[in-house]
Amino acid sequence: EAGVTQFPSHSVIEKGQTVTLRCDPISGHDNLYWYRRVMGKEIKFLLHFVKESKQDESGMPNNRFLAERTGGTYSTLKVQPAELEDSGVYFCASSHKETLHFGNGTRLTVT
Amino acid sequence: QKEVEQNSGPLSVPEGAIASLNCTYSDRGSQSFFWYRQYSGKSPELIMSIYSNGDKEDGRFTAQLNKASQYVSLLIRDSQPSDSATYLCAGTPSGGSYIPTFGRGTSLIVHP
């Protein structure tokens, strides 16, 4: 089966610009998660979708971050406007039950 | 805040030795624990899960859980250079959520 895929793999943008990250989960996985890893820190939870519904978005840092999962398939995470501290690796994961399957991540650099 | 703590390392062991990776957690109610392996530039990959006190073995890997001490460990026997990676410990919080909380990860280097 195809794994979790994320686009783009890298993104370099200037402060104040907008970036949209995309995640395609494993087919049939209702659960989709976004995590972020800032350099030197742990992987931090951002939010959790069950199908198209946001189940838990307690980890979203602020209202500059907007996640969507229209139709319960792929998900997007938009950062607008981007700030320097948003730099890091954004991971998407999907699951059927408890085991999370991760994508390779999108490395975001805000300059 | 409920946390999972790991020594970032690097932990360096010779090929063929036992690598011991350790993790502590603050949420006494956590029930499920996971070890993920992450190669540089790649996605974290689940290698072991453990739910009960004691040891769980899978090939060269043994996970150990001690809920009284809030301690989880991963032993890798007969370490190989291909085991060199970052190992992430994760635990699910009390309250029924399946969303794991991750530690920073321990970098393991197995040298020939």
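See the structure printed just above.
Structural notes, computed from the coordinates.

Parameters and conventions
Residues numbered from 1 in each chain as written. Chains lettered and ligands numbered in written order. Predicted model: local features only at pLDDT ≥ 70, side-chain atom pairs only at ≥ 80, totals over all residues. Heavy atoms only, no water. Helix = DSSP H or I, 4+ residues; strand = E, 2+ residues; numbered from the N terminus. Rg over C-alpha atoms; globule rule 2.2 N^0.38 Å. Buried < 20%, exposed > 50% of the residue type's maximum accessible area, 1.4 Å probe, protein only. Contact = heavy atoms within 4.5 Å. Areas by Shrake-Rupley, 256 points an atom, 1.4 Å probe, with all protein chains shown as cover. Lys, Arg positive; Asp, Glu negative; His and termini not counted. Charge placed at Lys NZ, Arg CZ, Asp CG, Glu CD. Pairing = 2+ DSSP bridges. Buried area = accessible area lost by both parts, 1.4 Å probe. Salt bridge = Lys/Arg side-chain N within 4 Å of Asp/Glu carboxyl O. Polar contact = N/O pair within 3.5 Å; in protein donor to acceptor, adjacent residues only side chain to side chain. Nonpolar A, V, L, I, M, F, W, Y, C, P; charged D, E, K, R; others polar. Disulfide = S-S within 2.5 Å. 1 Å grid on protein atoms, 1.4 Å probe; cavity = no way out; pocket = protein on both sides within 12 Å on 5 of 7 lines; lining within 4 Å. Points joined across faces, edges and corners; volume = space filled by probe spheres on them. Axes fitted to C-alpha atoms, helices over the stretch in contact; angles between N-to-C directions.

Structural notes on the overall build of chain B
- Helix and strand counts for chain B come out as zero helices and 11 strands.
- In sequence order, chain B lays out its α and β elements as β-β-β-β-β-β-β-β-β-β-β.
- Over its C-alpha trace chain B gives a radius of gyration of 13 Å, about what one expects of a compact globule, namely 13 Å for 112 residues.
- For chain B, the spread of C-alpha atoms along the principal axes amounts to about 45 × 30 × 20 Å.
- Of all 112 residues assigned to chain B, the portion counted as buried reaches 43%.
- A sequence separation of at least 24 residues applies to 53% of the contacts in chain B between residues at least 6 apart.
- By element, 48% of the accessible surface of chain B is carried by carbon and sulfur atoms, the whole surface being about 5300 Å².
- If you average the places of the 9 positive and of the 10 negative side-chain charges in chain B, the two averages end up 5 Å apart.

Quick word on the sheet that holds strand S8 (residues 71–76) of chain B
Residue and element names in this part refer to chain B.
- As summarised here, the arrangement of the five strands in space is S1-S3-S8-S7-S6, forming an open sheet in which the pairing is antiparallel. The sheet is open, and its two borders are formed by strand S1 (4–5) and strand S6 (54–58), each paired with just one other strand.
- Relative to S8, strand S7 (residues 61–66) runs antiparallel, the two sharing six bridges. The residue bridging phenylalanine 61 from the neighbouring strand is isoleucine 76, located in S8.

Quick look at the interface of chain B and chain A
- In this complex, chain B contributes 19 residues to the contact, which on the side of chain A involves 18 residues.
- Each partner contributes to the roughly 1600 Å² buried at the junction of chain B and chain A, and carbon and sulfur atoms together form 54% of this total.
- Looking at the side of chain B facing chain A, the largest losses of area belong to B:Ile99, B:Phe102 and B:Arg104, adding up to 37% of the total buried there.
- Summed over the shared surface of chain B and chain A, the number is one salt bridge.
- Put simply, chain B and chain A have seven residue pairs in polar contact (both at pLDDT 80 or more) between them.
- With three residues, the top contributor of residues to the side of chain B that touches chain A is strand S4 (residues 33–38) of chain B.
- Looking at the side of chain B that touches chain A residue by residue, the classes come out as 10 nonpolar, seven polar and two charged.

A few points about the pattern of salt bridges
Residues and elements named next belong to chain A.
- Under the defined criterion, the tally for this structure stands at 11 salt bridges over all chains.
- We note a salt bridge from aspartate 86 to arginine 36, for which the minimum N-O separation is 4.0 Å. Of the two residues, aspartate 86 is situated in the loop between strand S8 (75–79) and strand S9 (88–95) and arginine 36 in strand S4 (residues 31–37); the sequence distance between them amounts to 50 residues.
- The salt bridge involving aspartate 86 is made with arginine 64; its shortest N-O contact spans 2.5 Å.

Regarding the state of the cysteines
Residues and elements named next belong to chain A.
- In the structure shown here, the tally under the stated rule is two disulfides over all chains.
- A sulfur-sulfur distance of 1.8 Å marks the disulfide that ties cysteine 23 to cysteine 92. As the torsion about the S-S bond is roughly -60 degrees, the cysteine 23-cysteine 92 disulfide counts as left-handed. Remark: cysteine 92 occurs in strand S9 and cysteine 23 occurs in strand S3 (residues 19–24); sequence separation between them is 69 residues. With respect to class, cysteine 23 is no different from cysteine 92; both count as buried.

Let's talk about empty space enclosed by the protein
Residues and elements named next belong to chain B.
- Under the criterion given, the structure shown has one cavity of 30 Å³ or more.
- Of the pockets and cavities examined, the largest cavity occupies roughly 60 Å³.
- Along the walls of the largest cavity sit 10 residues, with Val4, Asp27, Ser30, Gly91 and Thr101 positioned nearest its centre.
- Per-class residue counts for the lining of the largest cavity are four nonpolar, three polar and three charged.

So, the sheet that holds S3(A)
Residues and elements named next belong to chain A.
- Read across the sheet, four strands follow the order S1-S3-S8-S7 without closing on themselves; strand pairing throughout is antiparallel. Edge positions in the sheet fall to strand S1 (5–7) and strand S7 (65–68), since each has one partner strand and no second. Ignoring strand direction, the axes of neighbouring strands in this sheet form an average angle of 15 degrees.
- The sheet contact formed by S7 and S8 spans four bridges and is antiparallel. Within S8, the position partnered with alanine 67 by the bridge is leucine 77.

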